[in-house]
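Each chain, letter by letter, is given below.
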Amino acid sequence: MDDDKPITEQAMETITTAVEATKDAAVTAVKKVRKAAKKVAKKVAPKKASKKKAKKASQKSSKKAAKKSSKKAAKKTAKKAAKKTAKTTAKKATKSKKKARKAKR
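Just so it is clear, the structure is predicted and the values come from calculations on it, not from any experiment. (Residues numbered from 1 in each chain as written. Predicted model: local features only at pLDDT ≥ 70, side-chain atom pairs only at ≥ 80, totals over all residues. Heavy atoms only, no water.)

Observations concerning the overall build of the chain
The helix and strand inventory of the chain stands at one helix and zero strands. The burial tally for the chain puts 1% of its 105 residues in the buried class. Working note: accessible area of the chain is about 10700 Å², and carbon and sulfur atoms make up 63% of it. (Helix = DSSP H or I, 4+ residues; strand = E, 2+ residues; numbered from the N terminus. Buried < 20%, exposed > 50% of the residue type's maximum accessible area, 1.4 Å probe, protein only. Areas by Shrake-Rupley, 256 points an atom, 1.4 Å probe, with all protein chains shown as cover.)

Comments concerning a nonpolar patch on the surface
Taken together, the side chains of M12, I15 and V19 present a nonpolar region at the surface, about 290 Å² in accessible area. With respect to the secondary-structure elements, I15 resides in helix α1 (residues 7-104). Relative accessible area serves as the criterion here: at 48%, I15 is assigned to the partly exposed category. (Patch = residues over 30% accessible without salt bridge, like charges linked within 9 Å, V, L, I, M, F, W, Y side chains within 5 Å. Salt bridge = Lys/Arg side-chain N within 4 Å of Asp/Glu carboxyl O.)

By themselves, these observations are geometric and do not establish any function.
Have a look at this one:
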């Protein structure tokens, strides 16, 4: 420290130099962080895209599976309904035949 300058002036100089040094350090740190972030983004971005594609594919496959299962269920219910109607019509036919026989007697 200089003895010629007053203490307040010396303190102000040291503070300004410290502020400038920290400012420079902050700027360089930000630059480094941005660079690193870009590198990470390059590495991660394709993975994210593939994850999205995988998610879409899984959604597609689940939709297809749902369609298939609904079609199967519809077929089953249609078959069951057809069988039921056939049974009921057969029962009705036999009943009507019996009634006709009784009427003849």
